[in-house]
Amino acid sequence: MKRLVAILAFLVALCGPAAAAEPQIPNFWDLKERLPKPQLEGLQRLRFLTTVDFPPFNYIDSEGRLAGFHVDLARRVCAELEVTDKCQIQALPWSELEAALAKGDGEAILAGLAITPENRETHVFTRPYLQFAARFVMQKANAVSEPLYVALSGKRIGVIAGSAHEKMLRAYFADVRPVTYGKPEWLYEDLRAGKIDGVFGDGMRLSFWLVGSDSAGCCRFVGGPYLSPEYLGLGLAIAVKPADAALADAFNFALRELQAKGAFAELYLRYFPVSFY
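Residues numbered from 1 in each chain as written. Predicted model: local features only at pLDDT ≥ 70, side-chain atom pairs only at ≥ 80, totals over all residues. Heavy atoms only, no water.

J.: Give a description of the sheet that holds strand S9 (residues 177–181) that names residues and reports values.
T.: What the five strands build is an open sheet, ordered S9-S8-S10-S7-S11; its pairing is mixed. At either margin of the open sheet sits one strand with a lone partner, and together these are S9 and strand S11 (219–226). Across the sheet, the mean angle separating the axes of adjacent strands is 30 degrees when strand polarity is ignored. (Pairing = 2+ DSSP bridges. Helix = DSSP H or I, 4+ residues; strand = E, 2+ residues; numbered from the N terminus. Axes fitted to C-alpha atoms, helices over the stretch in contact; angles between N-to-C directions.)

J.: Now, about the side chain of Asn-252: what can you tell me, with residues and values included?
T.: Tracing the chain through its elements places Asn-252 in helix H10 (residues 245–260). Beyond its immediate stretch of four places on either side in the chain, Asn-252 contacts Trp-29, Leu-35, Thr-126 and Arg-127. (Contact = heavy atoms within 4.5 Å.)

J.: Residues and numbers for the pattern of salt bridges, please.
T.: Summed over the entire model, instances satisfying the criterion amount to 13 salt bridges. The partner of Lys-261 in a salt bridge is Glu-80, with the nearest N and O atoms 2.6 Å apart. Of this pair, Lys-261 sits in the loop between H10 and helix H11 (263–271) while Glu-80 sits in helix H2 (residues 69–80), placing them 181 residues apart in sequence. Residue Lys-261 is classed as exposed on the basis of its relative accessible area, which comes to 54%. Here Lys-103 makes a salt bridge to Asp-105, at a shortest N to O gap of 3.7 Å. Taking relative accessible area as the criterion, Asp-105 reaches 32% and is therefore assigned partly exposed. (Salt bridge = Lys/Arg side-chain N within 4 Å of Asp/Glu carboxyl O. Buried < 20%, exposed > 50% of the residue type's maximum accessible area, 1.4 Å probe, protein only.)

J.: Give a description of the nonpolar core that names residues and reports values.
T.: Ranked by internal contacts, the top residues of the largest apolar core, which has 55 residues, are Phe-48, Leu-73, Tyr-129 and Phe-251. Breaking this core down by element, the ones donating at least two residues are strand S1 (46–50), H2, S9, helix H7 (184–192), helix H8 (203–211), S11, H10 and H11. Sorting elements by how many residues they give to this core places H10 first, with eight residues. Ignoring sequence-local partners within four residues, the contact set of Phe-251 consists of Leu-46, Phe-48, Val-77, Leu-81, Ala-108, Thr-126, Ile-238 and Val-240. One finds Val-144, Met-168, Phe-200 and Tyr-226 within the second-largest nonpolar core, a separate group that totals 17 residues. (Core = buried A, V, L, I, M, F, W, Y, C linked by side-chain atoms within 4.5 Å.)

J.: How would you sum up the environment of Pro-26? Please name residues and give values.
T.: Mapped onto the elements, Pro-26 comes out in the loop between helix H1 (2–15) and S1. For Pro-26, a relative accessible area of 0% corresponds to the buried category. Here Pro-26 is in contact with Leu-130, Gln-259, Phe-264, Tyr-268 and Tyr-277, once residues within four sequence places are set aside.

J.: So, the packing of H7 against H8: which residues are in play, and what are the values?
T.: Across the interface, H7 lies against H8 with an axial gap of 13 Å and an inter-helix angle of 55 degrees. Compared by their axis directions, H7 and H8 come out oblique. Seen along the crossing, H7 lies across H8 with a hand that is right-handed. Contact with H7, carried on its side by Tyr-188, Leu-191 and Arg-192, involves Arg-205, Leu-206 and Trp-209 of H8 and no other residues of that element. Taken together, the residues that form the contact of H7 with H8 break down as four nonpolar, no polar and two charged. (Parallel < 35°, antiparallel > 145°, perpendicular 65-115°, else oblique. Left-handed = near helix turned anticlockwise from the far one by under 90°. Nonpolar A, V, L, I, M, F, W, Y, C, P; charged D, E, K, R; others polar.)

The following block contains the structure:
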């Protein structure tokens, strides 16, 4: 219970008092903070390294072009830093990203490299610009409201077996009855059929299921969103080499400005029309 209260308090501090009840545009910045504008006159090139196989963040569109949230975010960052003429985006296999950065084939990785103690030894990360939130989904006719640890007591909640979300569900909602599944498709099918009371999982993936035809409009988010770095990681950030720490500061300036100007919100809703916050 204490952990759950801590998560909710953290969430309210980030997104405002309505965050637990209303989907929000994610904001991990103090908009009263003023970051110094970077001086990048000596920058010869700004190449972002990314991948092609993580939609909607990175993918090849119907015309064979690299597209996605990360691609557009890189372009927005370059525009904010006024280095559009030096801005490049290169897609590589995931396994080659870190080696390419180390060799100088790019200046930054924008592909969701995990912010771990091990990766911090070889990279400098910006502040997170997005975190993956866990969400509950229930049938619309049976939807409940916060506090969910009370409303869901004794309810049968589907979750993917062995996932971080299963561990999180058992730790934070001890009174629910977890029902584990090996595949998301089986979980969704039982939710539609009313064989379980709800599901708990990755908010982003659930948002796409809700807006897709497979859900048949049966369900909606309830409660949350729930953030837990302990189980779900610290989120998405841009990574650079330690020697380029000043470039990470420049990215932080750009990301904060994009948030303050509403540009990040526009980009987020373009790729996530059903917000997972």
